[in-house]
Amino acid sequence: MTNSIAAGTLIERIRFSPRYLMWAIMAVYALIEFYPVNYGVSTVAFFGVTTFCLAWLLAFPGTKLINKANFEVLIFFAFWLAYSLFSYIWAIDRDLALENSLLIFRYLGVFVIFDALFRDHRILRRAHLVMAGILVLYILTALWEMLTFQHLPSSRYYGMPFYYVPTGPFYNQNNLAAFMIFIMPCLLFLPKLYRHAWLKLAVAGATLLILVIITVQGARIAMLAAGAMLLAVGLLNSSVKTKLITVLVILLAVMAFFRYAPPGMKLGWKLVQREIESFGTEAESAHMSSLKIRRQLVDRDYRSHMREALLWGLGVGTSSIIWITDREYRTAGITNAHNWFLEILGNYGILILAAFVYIYLRWLWLLWLRYKASEGRERNLNLAYLWVLLMFIPASALPSSIRWNHHIWIIFAAINAVCNSERLLLKETK
């Protein structure tokens, strides 16, 4: 009898082992995309995972990729990819045009794969924990860079001695700042989701470290966005006790710095002063400051696009070649839009941009409806995802371009799944 029970248990484990294998492969792939130390490795991983998923579909033909929840998003991708391929006809640099069409195909693949994965509520219920864990990994990497003056091979500062500005697993500091504030709400709402006193202290400390990191980076948009979000969340969604604990942690940290690291405190204060003063002085600076460049990029990508491309977009294989000359819009040789929405407009036109804005606003609306209709932990989780989606706007305007960072579509897949799923059935914990 005992042998029969053991054999039955073994058979049941074998029966479910393919699903666990899929989860393990997707977890590793997600980590590779969120922590892109090597772009070639992430590309190989994408095609490997795509091949695995195609084999999965052959083994389990009942698996559905298209449903009511993702139909509109897939239609958007289909038109976007088709138009990108069509722009190959007039592209000046056809290799670049094909490369960007491949990027859109990769967005589509990443979204479809993880959208199907997040239909399993056992995974969707923990997606915010994974993103919070990724954010902690970003923080630890940034601290390592600032303390050791070393950088990962993917960094623009790799091999440069005594350079303390952190870039994390990305090429530059703006990308790290962008994705830190993008998924920051997943960390910020953990004390609301899990009732542990130590968690409040840990999240307060991690939040303080994020503010220190983006200040050291000089990421002004990230500083403003993070400050606005913290102010709104602190005033509207935290108890008086939480407010007092947060203030106490900040005061203790400041006192500790003053007591045990006065030189570091003075340096930190000088950095804060420099960044605050730069908000007002940079706009009047005689040189091509980042604010002037961004203003010129808006003029170039919007006004020039409307006048010359008749709202249909220039195409990536054409716009980057034309704009590199600067023409009448001086942008210090910068061709990237530094804005996801303007980048879509300039390269693909108003119709593709309108389709993306529709998808984005629809997600916002659905999350808001879910937030209003839910309660308890469910309500706080919906609010966390709502803030994630809102923080995409400043995050998309920080780096020169986010189109090379495919993990944004993993986050969007989670948001789409939350918007269209039934109640997540999170258990209340004390």
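Above: the structure in question.
None of the values given here were measured: they were computed from a predicted structure.

Caption draft 1: A look at the overall build of the protein chain. The helix and strand tally for the protein chain stands at 18 helices and zero strands. Within the protein chain, buried positions represent 48% of all 430 residues. For the protein chain, the proportion of contacts with a sequence separation of at least 24, taken over those separated by at least 6, is 74%. Accessible area for the protein chain stands at about 21700 Å²; split by element, carbon and sulfur atoms hold 70% of it.

Caption draft 2: Broad picture of the environment of F182. By the element assignment, F182 lies in helix α7 (residues 173–188). F182 gets classed as buried once you look at its relative accessible area, which sits at 0%. Along the backbone, F182 and L389 are 207 residues apart, and their C-alpha atoms lie at a distance of 7.7 Å. In this view, F182 contacts V388, M391, F392, A395, I408, I411 and F412; residues no more than four positions away in its chain are not counted.

Caption draft 3: Region of the structure containing the side chain of N70. With respect to the secondary-structure elements, N70 resides in the loop between α2 (39–59) and α3 (71–86). Of the residues examined, N70 reaches a relative accessible area of 1% and is grouped as buried. Polar contacts involving the side chain of N70 include one to the side chain of D115, which spans 2.9 Å. Beyond its immediate chain neighbours, meaning those up to four positions away, N70 contacts L65, F111, D115, R119 and N416.

Caption draft 4: Region of the structure containing the packing of aromatic side chains. With the rule as written, the count across this model stands at 40 aromatic pairs. Measuring from ring centre to ring centre gives 5.3 Å for F170 and F179, while their planes differ by 25°; the resulting arrangement is stacked. The pair formed by F170 and F179 is uniform in burial state, with each residue classed as buried. Considering the side-chain rings of F341 and F392, the 6.1 Å spacing of their centres and the 70° angle between planes classify their relative orientation as edge-to-face. With F341 in helix α15 (residues 340–348) and F392 in helix α17 (residues 376–396), the pair connects residues that are 51 residues apart, well separated along the chain. Looking at F392, the relative accessible area reads 1%, which means it is buried. For the cation-ring pair, R106 lies above Y39, with the distance from its terminal atom to the ring centre recorded as 5.3 Å. The residue whose ring lies beneath R377 is Y194, and the NZ or CZ to ring-centre distance is 4.4 Å.

Caption draft 5: Quick look at the pattern of salt bridges. For the coordinates displayed, the defined rule picks out six salt bridges. Between R362 and E72 there is a salt bridge, and its shortest N-O distance comes to 3.2 Å. Placement of the pair is R362 in helix α16 (residues 350–373) and E72 in helix α3, with a sequence separation of 290 residues. On the accessibility criterion, E72 (31% relative accessible area) is partly exposed. One salt bridge in this structure joins E378 and R370, with 3.4 Å as the shortest N-O distance. Like R370, E378 is buried.

What counts, and at which threshold
- Residues numbered from 1 in each chain as written.
- Predicted model: local features only at pLDDT ≥ 70, side-chain atom pairs only at ≥ 80, totals over all residues.
- Heavy atoms only, no water.
- Helix = DSSP H or I, 4+ residues; strand = E, 2+ residues; numbered from the N terminus.
- Buried < 20%, exposed > 50% of the residue type's maximum accessible area, 1.4 Å probe, protein only.
- Contact = heavy atoms within 4.5 Å.
- Areas by Shrake-Rupley, 256 points an atom, 1.4 Å probe, with all protein chains shown as cover.
- Polar contact = N/O pair within 3.5 Å; in protein donor to acceptor, adjacent residues only side chain to side chain.
- Phe/Tyr/Trp six-rings, centres within 6.5 Å; stacked < 30°, edge-to-face > 60°.
- Lys NZ or Arg CZ within 6 Å of the ring centre and 35° of its normal.
- Salt bridge = Lys/Arg side-chain N within 4 Å of Asp/Glu carboxyl O.

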